[in-house]
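Letter by letter, the chains look like this.
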Amino acid sequence: MTSAQVDTEKTSGGTSGQTSEEGYERGLGSRQVQMIAIGGAIGVGLFLGAGANIAKAGPSLILMYALAGAIVFFIMRALGELLLYRPVSGSFAEYSREFLGPFFGYFTGWTYWLMWVVTGMAELTAAAIYVHYWFPDIPQWVTALVFLVILFGVNLISVKVFGELEFWFSMVKVTALIGMIVIGLGVLTFGFSSAGDTAAVSNLWAFDGFFPKGVGSSLMTLQGVMFAYLAVELVGVTAGESEDPEKTLPKAINTLPWRIALFYVGALTVILCVVKWTEFAPGVSPFVAAFAKIGIPAGAAIVNFVVLTAALSSCNSGMYSTGRMLRNLADSGEAPAAFKKLSATKTPAFGITVSVLFMGIGVVLNYIVPDKAFGYVTSVATAAGIWTWLMILISHVLYRRAVVAGRLPASSFPAPGGAVCSWIAIAFLLFVTCLIAYDRDSRVCLYVMAGWAAALAAGWTILKNRTPAAPTGPDPELEKVG
């Protein structure tokens, strides 16, 4: 880090006074950050959500994943440039606070917290359902509660334990997906198994074409596709606890294209070549269906274990990120001061505990609420995630302006294309938001977000009345270098 950057850390973004040294333990090594980044791109949205989207769009879903993947890469390169300019834990809220003002930092921090809390609710329920596959006599709420307690304990121990558990969760997902791809290629090449006679690349267009339901139906899957990509930004939350962010973060972000190409585009292409798209149905994992078609012994059980791992990995990440975001908000006077405290193991234990209690409410709700609640929860998470990504992109555009004007130092990891790619990504996310508003089933999340925004606005008004002397934005003079 250059001396200019060090000076800037002490001054710019002065709304919170935070630097990269925030009291956290820099306990996440390179291999852990890499696997957290990889695992963030592989989740339940792929393993389960792809089934419903294939039924809606057919083989064209491959193109939708590729398109969304390119946009996600633009988002991550924008975030990467900001992270190397000033690596802090709770980065999204910090950059929103610095470049857009305190209210946007407050709103982004709490909204990202909401995203992970509701995601944790959904993933705990999903994990309990997966366990029910093997142990149907165990009540679903019992399994969800056990997983909640175990992951809570892991996050309280230390960031190293969190990183190690996430490393192995990600390793399971990566190994399983690579295995599926290799087996599928084997079926296509050598024609073995019961799927060998019908497996062919021509399955991508032989049944009513590449866009069997029309381009419009394909575009409508983008909202589900974007949910599958949620959590790739988690690597930004690890910035304050990475051993060497200058090296590990660029490497983790630059490997995103091949991860998307392999695990999403590659895996779906192979599966849709092995099994024609008309054989997939909503509510059934396409990977389970493909293994059943191929006839691999215990294939469904293997995939069920992998999907269970994906759910637990997401919930584990949620507990990690919510605690850090609450501490960031408390440091800025936008959450109770109790969230500032670190435990003896340098974890934000109180913030994690409160977040877990809210996730626990989800266990109760999903015990008494119909199955449709899962879909509502994931749509709310998607809306909150889109807001977070928009704040990253807008902060990046404003940061680039400040660099050009000479008010801030240039990052050592500039995004290719400068702010142009960020503008493209902003337009894309707004388009996806319009698609959500158009869809009758998913637009409910926009109503929830409107209510959430009203609640946060009311909270901000109360906060400002209690602390009228609080800063309203970063001082432009303090942003100047030198």
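The coordinates are above.
(A) Inspection of the overall build of the protein chain at higher detail. Counting its secondary structure elements, the protein chain contains 21 helices and zero strands. Every one of the 482 residues in the protein chain was classed for burial, and the buried ones make up 57%. For the protein chain, contacts bridging at least 24 residues in sequence account for 82% of all contacts bridging at least 6. By element, 69% of the accessible surface of the protein chain is carried by carbon and sulfur atoms, the whole surface being about 18,200 Å².

(B) The arrangement of the nonpolar core in detail. Among the nonpolar cores identified, the biggest contains 145 residues, and Tyr65, Trp110, Leu177, Tyr229, Phe287 and Leu429 are the most heavily contacted of them. Considering each element in turn, this core owes the most residues, 18 residues, to helix H7 (residues 102-134). Not counting chain neighbours up to four residues away, the residues in contact with Trp110 comprise Leu326, Leu329, Glu334, Ala335, Trp452 and Leu456.

(C) Molecular detail of the environment of Ile157. Tracing the chain through its elements places Ile157 in helix H8 (residues 140-157). Residues Ile157 and Lys346 lie 189 residues apart in sequence; the distance between their C-alpha atoms is 8.9 Å.

(D) Representation of the packing of aromatic side chains. The full count for this structure, using the stated rule, is 19 aromatic pairs. Summarising the aromatic geometry, the rings of Tyr65 and Tyr229 are spaced 6.0 Å apart at their centres and angled 70 degrees between planes, so their arrangement reads as edge-to-face. In this pair, Tyr65 sits in helix H5 (residues 61-85) while Tyr229 sits in helix H11 (residues 222-229), placing the two residues 164 residues apart along the sequence. Assessed through its relative accessible area of 0%, Tyr65 is described here as buried. Relative to Trp387, the ring of Phe107 lies with its centre 4.8 Å away and its plane at 55 degrees, an arrangement referred to as tilted. On the criterion of sequence distance, the pair formed by Phe107 in helix H7 and Trp387 in helix H18 (residues 372-404) is long-range, its members being 280 residues apart. Seen from the ring of Phe413, Arg77 lies directly overhead, with NZ or CZ sitting 4.0 Å from the centre.

(E) Examining helix H9 (residues 159-190) more closely. Taking 1.5 Å of rise per residue, 32 residues should cover 46 Å, and H9 covers 46 Å from first to last C-alpha, within 8% of that figure. After H9 finishes, the residue Gly191 shows a positive phi value of roughly 70 degrees.

(F) The side chain of Ser313, seen in detail. By secondary structure assignment, the location of Ser313 is in helix H16 (residues 299-331). Look past the residues within four positions of Ser313 in its chain and what remains in contact with it is Glu166, Phe169 and Lys173.

(G) Layout of unusual backbone geometry. Residues other than glycine seldom take positive phi values, yet Asp208 does so here, at roughly 70 degrees. Among the structural elements, Asp208 can be located in the loop between H9 and helix H10 (215-220). When its relative accessible area of 63% is taken as the criterion, Asp208 is described as exposed.

Reading the values: rules and limits
Residues numbered from 1 in each chain as written. Predicted model: local features only at pLDDT ≥ 70, side-chain atom pairs only at ≥ 80, totals over all residues. Heavy atoms only, no water. Helix = DSSP H or I, 4+ residues; strand = E, 2+ residues; numbered from the N terminus. Buried < 20%, exposed > 50% of the residue type's maximum accessible area, 1.4 Å probe, protein only. Contact = heavy atoms within 4.5 Å. Areas by Shrake-Rupley, 256 points an atom, 1.4 Å probe, with all protein chains shown as cover. Core = buried A, V, L, I, M, F, W, Y, C linked by side-chain atoms within 4.5 Å. Phe/Tyr/Trp six-rings, centres within 6.5 Å; stacked < 30°, edge-to-face > 60°. Lys NZ or Arg CZ within 6 Å of the ring centre and 35° of its normal. Expected span 1.5 Å × (residues − 1).

Read these as spatial facts, not as claims about activity.
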